[in-house]
Amino acid sequence: AGLAFWYDSTNECQGIADGTATAQWDDLSGNARHLLQATGANQPTCQTAAGDLANGRPVLDFDGTNDSMVSAFASIGAAVTVFVVFDIDVDGTLFDGDDVTDRKRLISDGTVNGGAALVGELANSVDTVYVRTVVFNGASSASYRDGVTDVTGNAGANLLSGITVGAAYDGSPLSMFNGQIMAVV
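Analysis parameters
Residues numbered from 1 in each chain as written. Predicted model: local features only at pLDDT ≥ 70, side-chain atom pairs only at ≥ 80, totals over all residues. Heavy atoms only, no water. Helix = DSSP H or I, 4+ residues; strand = E, 2+ residues; numbered from the N terminus. Buried < 20%, exposed > 50% of the residue type's maximum accessible area, 1.4 Å probe, protein only. Lys, Arg positive; Asp, Glu negative; His and termini not counted. Salt bridge = Lys/Arg side-chain N within 4 Å of Asp/Glu carboxyl O. Polar contact = N/O pair within 3.5 Å; in protein donor to acceptor, adjacent residues only side chain to side chain. Contact = heavy atoms within 4.5 Å. Pairing = 2+ DSSP bridges.

1. Brief notes about the side chain of arginine 33
- Relative to the assigned elements, arginine 33 resides in the loop between β2 (24–25) and β3 (35–36).
- Within the buried set, arginine 33 has no salt-bridge partner at all; the shortest N-O distance to an opposite charge, 5.6 Å, is to aspartate 27.
- Engagement of the side chain of arginine 33 in a polar contact is seen with the backbone oxygen of alanine 4, the distance being 2.7 Å.
- Every residue in contact with arginine 33, bar those within four places of it in the chain, is listed here: Ala4, Tyr7, Asp27, Ser71, Phe73 and Ile76.

Structure below.
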């Protein structure tokens, strides 16, 4: 129970040059569940130039080709709520688990999967900042965009042990997120 992880691009990119690759996105929750990416070509970049900001704040840009970040940690349970603030260029995976077994997945179109899939129905627009909230709680699971219910039902009862941001756990090309992520909480 309690805050499991908190990633904020404003904290990560403040004072960083525009276009700088990010190898570590610090966890602000105090749990040291930092997101990491050792391969330079797969690191998202800080966007800090005036034209790249979202609501006046820096963002982490994921290129939709190979950018992702991972944090491995012990299971935080089956009932989990996650908030993601993002802006899309092309829909893709906002987050997933870090392996095939204990994983929960949220795609920017609202589709969720925690062992069973619920397909989102609210289409996103490019250059619009959204807050996507997903509640993983077995048969009482739900996905919301900006507070509006998108889909409800049974998303399965998988646990969440580890998190991959910007892609599915296996990095499959069709799952890569192309856009900006401001926060994952």
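From this point, things continue past the structure.
2. A closer look at the pairing of strand β13 (residues 141–145)
- A large share of β13 lies buried, amounting to 4 of its 5 residues.
- Note that strand β12 (residues 129–136) and β13 share 4 bridges and pair antiparallel. Its bridge partner being in β13, valine 135 is matched across the sheet by alanine 142.
- The loop that links β12 with its antiparallel partner β13 comprises 4 residues; one of these, glycine 138, has a positive phi angle of about 55 degrees.
- Across 5 bridges, the pairing between β13 and strand β14 (residues 148–153) is antiparallel. Residue pairing in the sheet places arginine 145 in a bridge with valine 148 of β14.
- Linkage of β13 to β14, two consecutive antiparallel strands, is achieved through a turn of 2 residues, within which aspartate 146 is found at a positive phi near 50 degrees.

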